[in-house]
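# Architecture at a glance
Residues per chain, in single letters:
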Amino acid sequence: MPKHLKVLKTSARIKLALGCLILLFGLTLFSYLIQFIQGLNAPISGNSTNREYQWDGEFNLNILIGLSSTSLISLNPISQTITILEIEDQTYAEVQDPAFKQQIEESFGLPVDVFLSVNSFEGSTKQFLENVKSNPFTLSYIFKEATTNLTPMELIKMWSLIRSVRSDKINALSVSLDLPQDGVDNIIKDKFSEDKISLEGATIAVYNSTDKSGLAASAARVIKNLGGDVIIVSTTKGDFTKNLVSGDDNLKTSKRLKQLFAPECLRQSCDILDKSFS
């Protein structure tokens, strides 16, 4: 075989091998990129279950936070304020415990969106927030030390919002779990209401179609504390097998209530206007 044909064949083989290597490298890189993107929307703590919705910065973010003490904080992206509700006698509470989350929600009539535990931090919640504001390296510290069901993207947005809030816009108050409900609700409505819900002023009806009494009243309490205008709290004989939220999809109130009570309605239509209520 002529020498120049051998050279051409060898060159072709080298090009084919290089092409295969480049393709393999590209596929591997693409796979890692997909995993990285998916990881940005998964809880940071591997043992945390995925949540039904993610915080997009449109509404308040209510965080049950465990440091050397336990607090419930609300980040308000509209008014650029942070409210700290220091929970008395709960120093050793496990904020990632679903039963404790439920206890806090029932006691304060307020939804808890996420939890954040940083046991290595010695100090109050306000000191923690001030540290975040003054030290740009706290983001990596939180990523390393925190146990949380926040996603990386949510944590970055939370960190950025905290740093943008002025120190005089961080308010702290202490509340006992034994405080009467009326007193608690007055505080929550004043400090934790959702600006977009309050401003829209949409009227809301809450119905209970189960045989368990009190569910509608409990949901109505949460909605009122968020600034919602609840005009009807009643029962219905409608044939419902799950929570539904129906209304004007253009309303921010509708979106927030779907997040809290019927996340499935964020992904599919939950039109119940054609069903009868009695």
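Scroll up to find the structure.
These remarks concern the structure in this document. (Residues numbered from 1 in each chain as written. Predicted model: local features only at pLDDT ≥ 70, side-chain atom pairs only at ≥ 80, totals over all residues. Heavy atoms only, no water.)

## Focus: the pattern of salt bridges
Enumeration over the complete set of coordinates arrives at 13 salt bridges. In this structure, D56 and K255 form a salt bridge, with 2.9 Å as the shortest nitrogen-oxygen distance. With a gap of 199 residues between them, D56 in the loop between helix 1 (3–40) and strand 1 (61–66) and K255 in helix 9 (residues 252–261) connect regions that are remote in the sequence. The class of K255 is partly exposed, set by a relative accessible area of 26%. Across the salt bridge formed by D249 and K258, the nearest N and O atoms sit 2.7 Å from each other. A relative accessible area of 59% places D249 in the exposed class. Each of D56, E58, K196, K252 and K255 takes part in one network of salt bridges that share partners. (Salt bridge = Lys/Arg side-chain N within 4 Å of Asp/Glu carboxyl O. Helix = DSSP H or I, 4+ residues; strand = E, 2+ residues; numbered from the N terminus. Buried < 20%, exposed > 50% of the residue type's maximum accessible area, 1.4 Å probe, protein only.)

## Re the pairing of strand 7 (residues 203–208)
A regular strand places its side chains so that they alternate between the two faces of the sheet. Only one face of strand 7 is buried, namely the one carrying I204, V206 and N208, since none of T203, A205 and Y207 on the opposite face is buried. Both strand 7 and strand 8 (residues 229–235) contribute to a ladder of six bridges, which runs parallel. Counted as the bridge partner of I204 is V230 from strand 8. You can see the chain leave strand 7, run along helix 8 (residues 215–225) and come back into strand 8, and the turn it takes is right-handed. (Pairing = 2+ DSSP bridges. Right-handed = clockwise from strand over helix to strand, strands pointing away.)

## A look at helix 6 (residues 181–192)
Among all positions in helix 6, only V184, D185, I188 and F192 are buried. Buried residues in helix 6, looked at end-on, bunch into an arc of 95 degrees, giving them a common side. Pointing more than 90 degrees away from the buried face of helix 6 are the exposed residues D182, N186 and D190. (Arc of directions from axis to C-beta.)

## What to know about unusual backbone geometry
The backbone phi angle of Q80 is positive, close to 55 degrees, even though this residue is not glycine. As for its position among the elements, Q80 is in the loop between strand 2 (70–76) and strand 3 (81–87).

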